[in-house]
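Each chain, written out:
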Amino acid sequence: CTADFVVTDSSGKAIYNAKIEILLKYGFMGLHRLDATTPTNVDGKARFEGLPEQIKGTAEFKVTHGDESKSLSFDPQSDCHPHHEVVLAEK
(Lines give C-alpha, C1' and ligand atoms only; values in the text may rest on other atoms or scores of the structure.)
Protein backbone atom coordinates (compact mmCIF):
# COMPACT_ATOMS: atom_id res chain seq x y z
CA CYS A 1 0.00 0.00 0.00
CA THR A 2 0.92 3.63 -0.44
CA ALA A 3 -0.36 6.89 1.03
CA ASP A 4 0.00 10.31 -0.60
CA PHE A 5 -0.32 13.68 1.13
CA VAL A 6 -0.54 17.32 0.12
CA VAL A 7 -0.29 19.71 3.09
CA THR A 8 -1.27 23.37 2.70
CA ASP A 9 -2.15 26.31 4.90
CA SER A 10 -5.59 27.93 4.92
CA SER A 11 -4.64 30.17 1.97
CA GLY A 12 -3.63 27.15 -0.17
CA LYS A 13 0.15 27.69 0.13
CA ALA A 14 2.20 24.48 0.38
CA ILE A 15 3.72 23.79 3.80
CA TYR A 16 7.35 22.67 3.69
CA ASN A 17 8.69 20.26 6.33
CA ALA A 18 5.37 19.28 7.91
CA LYS A 19 5.91 15.95 9.70
CA ILE A 20 3.69 12.96 8.93
CA GLU A 21 3.90 10.00 11.31
CA ILE A 22 2.28 6.58 11.54
CA LEU A 23 2.61 3.58 13.87
CA LEU A 24 1.27 0.27 12.53
CA LYS A 25 1.00 -3.19 14.06
CA TYR A 26 0.73 -6.02 11.54
CA GLY A 27 1.51 -9.67 10.93
CA PHE A 28 0.75 -12.68 13.12
CA MET A 29 -0.74 -11.44 16.40
CA GLY A 30 0.40 -7.91 15.55
CA LEU A 31 3.98 -8.75 16.47
CA HIS A 32 5.50 -6.63 13.69
CA ARG A 33 5.60 -2.86 14.07
CA LEU A 34 6.22 -0.09 11.60
CA ASP A 35 6.98 3.32 13.06
CA ALA A 36 7.57 5.77 10.21
CA THR A 37 7.94 9.53 9.83
CA THR A 38 8.41 11.62 6.70
CA PRO A 39 8.51 15.38 6.04
CA THR A 40 6.75 17.19 3.22
CA ASN A 41 8.81 18.62 0.35
CA VAL A 42 8.77 22.22 -0.93
CA ASP A 43 5.50 21.47 -2.76
CA GLY A 44 3.89 20.28 0.51
CA LYS A 45 3.86 16.68 -0.74
CA ALA A 46 4.85 13.44 0.96
CA ARG A 47 4.43 9.74 0.24
CA PHE A 48 4.61 6.50 2.19
CA GLU A 49 5.33 3.32 0.22
CA GLY A 50 5.38 -0.31 1.29
CA LEU A 51 2.66 -0.07 3.93
CA PRO A 52 1.16 -3.46 4.88
CA GLU A 53 -2.18 -4.46 3.35
CA GLN A 54 -3.47 -5.93 6.61
CA ILE A 55 -2.98 -4.36 10.02
CA LYS A 56 -4.02 -5.20 13.56
CA GLY A 57 -6.45 -2.74 15.10
CA THR A 58 -6.60 0.80 13.79
CA ALA A 59 -3.93 3.23 12.68
CA GLU A 60 -3.76 6.97 12.17
CA PHE A 61 -1.51 9.31 10.28
CA LYS A 62 -0.61 12.36 12.37
CA VAL A 63 0.27 15.49 10.39
CA THR A 64 2.01 18.26 12.37
CA HIS A 65 3.62 21.59 11.65
CA GLY A 66 4.41 24.02 14.45
CA ASP A 67 1.50 24.02 16.91
CA GLU A 68 -1.01 22.66 14.39
CA SER A 69 -1.84 18.98 13.94
CA LYS A 70 -4.46 16.74 12.35
CA SER A 71 -5.07 13.00 12.52
CA LEU A 72 -6.27 10.89 9.60
CA SER A 73 -7.37 7.27 9.91
CA PHE A 74 -5.71 4.56 7.82
CA ASP A 75 -7.61 1.39 6.88
CA PRO A 76 -5.74 -0.46 4.12
CA GLN A 77 -8.54 -2.98 3.64
CA SER A 78 -10.97 -0.26 2.54
CA ASP A 79 -8.44 1.95 0.69
CA CYS A 80 -4.90 0.71 0.09
CA HIS A 81 -3.82 3.86 -1.80
CA PRO A 82 -5.34 6.88 -0.03
CA HIS A 83 -4.70 10.45 -1.20
CA HIS A 84 -5.06 13.08 1.53
CA GLU A 85 -5.24 16.84 1.17
CA VAL A 86 -4.58 18.33 4.59
CA VAL A 87 -5.17 21.97 5.48
CA LEU A 88 -3.40 23.27 8.58
CA ALA A 89 -4.23 26.75 9.87
CA GLU A 90 -1.59 29.39 9.25
CA LYS A 91 0.03 30.82 12.38
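Residues numbered from 1 in each chain as written. Predicted model: local features only at pLDDT ≥ 70, side-chain atom pairs only at ≥ 80, totals over all residues. Heavy atoms only, no water.

1. Thoughts on the overall build of the protein chain
Within the protein chain, the secondary structure is distributed over zero helices and seven strands. For a compact globule of 91 residues, the expected C-alpha radius of gyration is about 12 Å, and the protein chain comes in at 13 Å, within 12% of that figure. The principal-axis extent of the C-alpha atoms belonging to the protein chain is close to 45 × 20 × 20 Å. Taking all 91 residues of the protein chain together, 38% fall into the buried category. Restricting to contacts in the protein chain with at least 6 residues of sequence separation, those with at least 24 account for 56%. Looking at the protein chain as shown, the accessible area adds up to about 5800 Å², and 45% of this sits on carbon and sulfur atoms. Each charge sign in the protein chain was given a centre, from 10 positive and 14 negative side chains, and these centres are 4 Å apart. (Helix = DSSP H or I, 4+ residues; strand = E, 2+ residues; numbered from the N terminus. Rg over C-alpha atoms; globule rule 2.2 N^0.38 Å. Buried < 20%, exposed > 50% of the residue type's maximum accessible area, 1.4 Å probe, protein only. Contact = heavy atoms within 4.5 Å. Areas by Shrake-Rupley, 256 points an atom, 1.4 Å probe, with all protein chains shown as cover. Lys, Arg positive; Asp, Glu negative; His and termini not counted. Charge placed at Lys NZ, Arg CZ, Asp CG, Glu CD.)

2. Comments concerning the sheet that holds strand β1 (residues 2-9)
One open sheet holds the three strands; their spatial order is β4-β1-β7, and the pairing between them is mixed. Each of the sheet's edge strands pairs with one partner strand only, and the pair in question is β4 (45-49) and β7 (83-88). Taking each pair of neighbouring strands and ignoring which way they run, the sheet shows an average axis angle of 20°. Note that β1 and β7 share six bridges and pair parallel. In the strand pairing of β7, Val7 is matched with Val86. (Pairing = 2+ DSSP bridges. Axes fitted to C-alpha atoms, helices over the stretch in contact; angles between N-to-C directions.)

3. Thoughts on the environment of Tyr26
Mapped onto the fold, Tyr26 is located in strand β2 (residues 19-26). Judged by its relative accessible area of 26%, Tyr26 falls in the partly exposed class. Note: C-alpha distance between Tyr26 and Ile55 (29 residues apart in sequence) is 4.3 Å. Among residues more than four places away in sequence, those in contact with Tyr26 are Leu31, His32, Arg33, Leu34, Pro52, Gln54, Ile55 and Lys56.

4. Details of the state of the cysteines
Put plainly, two cysteines are in a disulfide when a covalent bond ties their sulfur atoms together. With the rule as written, the count across this model stands at one disulfide. Residue Cys1 pairs covalently with Cys80 via a disulfide, S to S 1.7 Å. An S-S torsion of about -100° defines the bridge between Cys1 and Cys80 as left-handed. Remark: Cys80 occurs in the loop between β6 (68-74) and β7 and Cys1 occurs in the segment before β1; sequence separation between them is 79 residues. Cys80 sits in the buried class, given a relative accessible area of 17%. (Disulfide = S-S within 2.5 Å.)

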